[in-house]
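Residues per chain, in single letters:
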Amino acid sequence: MTPDANPFLSPSPLPYLLPPFQEIEEEHYAPAFEQGMAEHLAEIEEITGNPEPPTFENTIEALERSGDLLDRVSTVFFNQVSSDATPGVQEIQKDVTPRLAAHADAVHLDAKLFARIQAVEAADDEQRWLLDRYLTDFTRAGAVLGQEDQQRLKRINERLSTLATTFQQNLLADTNARAVIVDDVSELDGLSADAVQGLRETAKERGLDGRYLVTLVLPTSQPSLTELTDRALRQRIHEASTGRGAANAELITEIAALRQERATLLGYRNHAEYVLADQTAKTAQAVTDMLDRLVPPAVSNARKEQSDLEEIAGHAVQPWDWQFYAEKVRKARYDIDSARMRPYFELNTVLEKGVFHAATRLYGITFTERTDLHGYHPDVRVFEVFNEDGTPLGLFLGDFHSRASKRGGAWMNSLVKQSSLLGTGPVVVNNLNIVKGEPTLMTFDEVNTMFHEFGHALHALFSDVRFPRFSGTAVPRDFVEYPSQVNEMWATDPEILANYAKHYETGEPMPQELVDRMLEAQKFNQGFATVEYLAATLLDWAWHTDYADGDAERFEAEALKRAGVDLAAVPPRYRSTYFAHIWASGYSAGYYSYIWSEVLDADTVEWFKENGGLRRENGDTFRRELLSKGGSVDALTAFRNFRGRDPEITPLLTRRGLL
Ligand SMILES: [Zn+2]
């Protein structure tokens, strides 16, 4: 192969530098990584070897421009790892992740480079903020440690990257392997004919012709438990879910111990203290205080819900019963059920008449599908996004369907980062895991997730910063969920809902009385939702503040008990062995972020309501003060500039029924 044949080696010729997915083959990755790391190190040597005295331009700005090839290949590769992890890609991942960790250390622990950064003087606030970020990043990566500690740190980081990859690959394989096979169709009583047909087709795709396959979604709670009347099957599905990742049990204890060791090396009491030092919450104590405040009322709400369910069930409610009886109470109390809702949530209509329409009403942006441009999988759709005045803004890719090679959950990725220094515009992709149908009908939860992920997409699309380090969602972990959560509010906005919630066959809008009952029913089961989330948060917290040694399962049980969230009927949203957020996705000691961001979110929803809701002026203000800033200003300062004051927690407590 000639070097020219590798599409990573030159900038993409496509609009917005969209990666040329059709040209990319698996064999292009390894040589591009190889050359990308080498080029990056050569660029850094050029910076450190520069005989001129260090300046902002010849050091910080030069670093911002460096690593172009490595960036291109990493972005496309890790996008594929998440969305279409073929065996070939998984092999490369095993090999490349520890080498990338070593590469990052080679940069961060380069003494000459660090000395040069320390000698730079900033000319204005923006430069000072970026310089400060570099000093913080390097210090947190160990730049000020002695040589021996740095050697140990490098070994820890390499090992951690390998363990994270193994965790992820074990989980994907086990999630597929534990899908529940059903032979007798009568066991599937409660599911709609379409849903049963879907399970039959899924089984066929996996070589189980004539049988039925219930695949697992990432959280503990499985959607089919809402409808299945066969209690034994519900239990089987629940146990398949909670048994996932058994092969990860030892591996996570090693990760937790290594993170503790690394935190100690870097001068922190534990991994949580280390993580929090660079978050808006600032200290582990601030998070502990907030969790302490939320747990007792949430647990008491869940216990009350449980006794309501037990009254209907006539027996003690097990975790595999909760959703089933909750659905019965929901039906009885609100006369509403998910099966009746789905026909109003057809995927394309929700996307174009809901998600896109809300963005048009708020920000004036419009969307044109570009069928001439291609994603990395036939399911991916590509849209060009325009500002109100017709100027091009960026590309939005949507990859909405589940597949065996895709990890669970939903997320946003930046494929190209906006930066005026580099002259680049944003290219973003949203991933969901919606089972494909003809047509694809969604639950309201899935609709909400689509709005959520699009909120992350807007954060990246509206980014208007100079330096790539600050682009879009490059904000603290406990701030990044805030814009996406705010975007969820438009899913239930009366004007937006009326625009997208239309029956897929008749085009009839969802009847108002059904809308009203759906909105009313949203408040139901909040105790369960809050406790399962808090239990996962407290597990994450325990692993990164308390873990010393010993068995994972026992540690988990004791941690939940100590935190007061060991409700037998409400298991954590993720158990430790399949908690991918904290072991493989950058949310370690960070799962609290969702509720922490929700304080800002609920307070911002109040602001929109105070100011007339869905109005262009409101969208413009939110875009200008918040979404466009990325990480270029202090996160809480951006919030204050937008809101005119510090965040208040009352709107969140009211929303979750915790006052
Ligand atoms: Zn999110």
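From a predicted model like this one, the values you see are computed outputs, not experimental measurements. (Residues numbered from 1 in each chain as written. Predicted model: local features only at pLDDT ≥ 70, side-chain atom pairs only at ≥ 80, totals over all residues. Heavy atoms only, no water.)

Colleague: Could you clarify how one ought to interpret the overall build of the chain in this entry?
Modeller: When you go through the chain residue by residue, the secondary structure sums to 26 helices and seven strands. Relative to a compact globule of 659 residues, whose C-alpha radius of gyration would be 26 Å, the chain shows 25 Å and is just as compact. Taken along its principal axes, the extent of the C-alpha atoms in the chain is 80 × 60 × 55 Å. In the chain, which comprises 659 residues, the proportion classed as buried is 55%. Entry remark: accessible area of the chain is about 27500 Å², with carbon and sulfur atoms responsible for 48%. Taking the 66 positively charged and 101 negatively charged side chains of the chain as two groups, their mean positions are separated by 3 Å. (Helix = DSSP H or I, 4+ residues; strand = E, 2+ residues; numbered from the N terminus. Rg over C-alpha atoms; globule rule 2.2 N^0.38 Å. Buried < 20%, exposed > 50% of the residue type's maximum accessible area, 1.4 Å probe, protein only. Areas by Shrake-Rupley, 256 points an atom, 1.4 Å probe, with all protein chains shown as cover. Lys, Arg positive; Asp, Glu negative; His and termini not counted. Charge placed at Lys NZ, Arg CZ, Asp CG, Glu CD.)

Colleague: When you look at the UniProt feature "domain: Peptidase M3A/M3B catalytic" (unreviewed entry) in the chain in this model, what are you seeing that I'm missing?
Modeller: Sites flagged by UniProt as "domain: Peptidase M3A/M3B catalytic" (unreviewed entry) map to residues 225-656. Helix and strand shares over residues 225-656 are 53% and 8% respectively, and the end C-alpha atoms of the span are 24 Å apart. (UniProt positions renumbered as here; feature names shortened; annotations may be inferred.)

Colleague: Explain the coordination of the zinc ion to me, please; I cannot follow it from the model alone.
Modeller: In an ideal tetrahedron of four donors about a metal, each angle is 109.5 degrees. In an ideal octahedron of six donors, the angles are 90 or 180 degrees. The protein atoms donating to the zinc ion are His 452 (NE2), His 456 (NE2) and Glu 481 (OE), with metal-donor distances spanning 2.1 Å. The motif formed by the donor residues of the zinc ion, counted along the single chain, is H-x3-H-x24-E. Here the residue His 452 and the residue His 456 both occupy positions in helix H16 (residues 444-461), the gap between them amounting to four residues, near one helical turn. With respect to burial, His 452 and His 456 carry one shared label: buried. (Donors = N, O, S within 2.8 Å, 3.2 Å for Na, K, Ca; no water.)

Colleague: Explanation requested: the nonpolar core in the structure shown.
Modeller: Side chains that are nonpolar tend, in soluble globular proteins, to be buried together. Phe 345, Tyr 500 and Trp 543 are the most contacted members of the largest nonpolar core, which totals 141 residues. Counting residues in each nonpolar core, the second largest holds 29 residues, with Phe 8, Tyr 16, Phe 21 and Val 73 among its members. (Core = buried A, V, L, I, M, F, W, Y, C linked by side-chain atoms within 4.5 Å.)

Colleague: Looking at this structure, how should I read the packing of helix H17 (residues 477-487) against helix H23 (residues 593-610)?
Modeller: How two helices sit against one another is set out by the angle between their axes and by the gap between those axes. Where H17 contacts H23, the two axes come as close as 7 Å, and the packing angle between them is 40 degrees. One element, H17, and the other, H23, form an angle in the oblique class. The handedness of the crossing between H17 and H23 is right-handed. Residues Arg 477, Asp 478, Phe 479, Val 480, Glu 481, Tyr 482, Gln 485 and Val 486 of H17 lie in contact with H23, whose contacting residues are Ser 593, Tyr 594, Trp 596, Ser 597, Glu 598, Leu 600, Asp 601, Thr 604 and Phe 608. Here the contact of H17 with H23 is composed, by residue class, of eight nonpolar, four polar and five charged. (Axes fitted to C-alpha atoms, helices over the stretch in contact; angles between N-to-C directions. Parallel < 35°, antiparallel > 145°, perpendicular 65-115°, else oblique. Left-handed = near helix turned anticlockwise from the far one by under 90°. Contact = heavy atoms within 4.5 Å. Nonpolar A, V, L, I, M, F, W, Y, C, P; charged D, E, K, R; others polar.)

Colleague: When you look at the environment of Val 196 in this model, what are you seeing that I'm missing?
Modeller: Along the chain, Val 196 turns up in helix H8 (residues 193-205). Along the primary structure Val 196 and Leu 213 are separated by 17 residues, whereas in three dimensions their C-alpha atoms are 9.3 Å apart. In contact with Val 196, other than residues within four places in its own chain, are Val 185, Leu 188, Leu 191 and Tyr 212.

Colleague: Explain the side chain of Asn 157 here, please?
Modeller: With respect to the helices and strands, Asn 157 occurs in helix H7 (residues 147-177). Taking the relative accessible area as the measure of exposure, Asn 157 reaches 12% and is therefore buried. Side chain to side chain, Asn 157 and Arg 262 meet in a polar contact 2.8 Å long. Look past the residues within four positions of Asn 157 in its chain and what remains in contact with it is Ala 101, Asp 105 and Arg 262. (Polar contact = N/O pair within 3.5 Å; in protein donor to acceptor, adjacent residues only side chain to side chain.)

Colleague: Explain the pattern of salt bridges here, please?
Modeller: According to the stated counting rule, one finds 49 salt bridges in the structure shown. For Glu 556, the salt bridge goes to Arg 575, with nearest N and O atoms at 2.6 Å. Placement of the pair is Glu 556 in helix H21 (residues 552-563) and Arg 575 in the loop between H21 and helix H22 (580-584), with a sequence separation of 19 residues. With respect to burial, Glu 556 and Arg 575 carry one shared label: buried. If you follow the salt bridges from partner to partner, you end up with Arg 133, Asp 137, Arg 140, Asp 278 and Arg 469 in one network. (Salt bridge = Lys/Arg side-chain N within 4 Å of Asp/Glu carboxyl O.)

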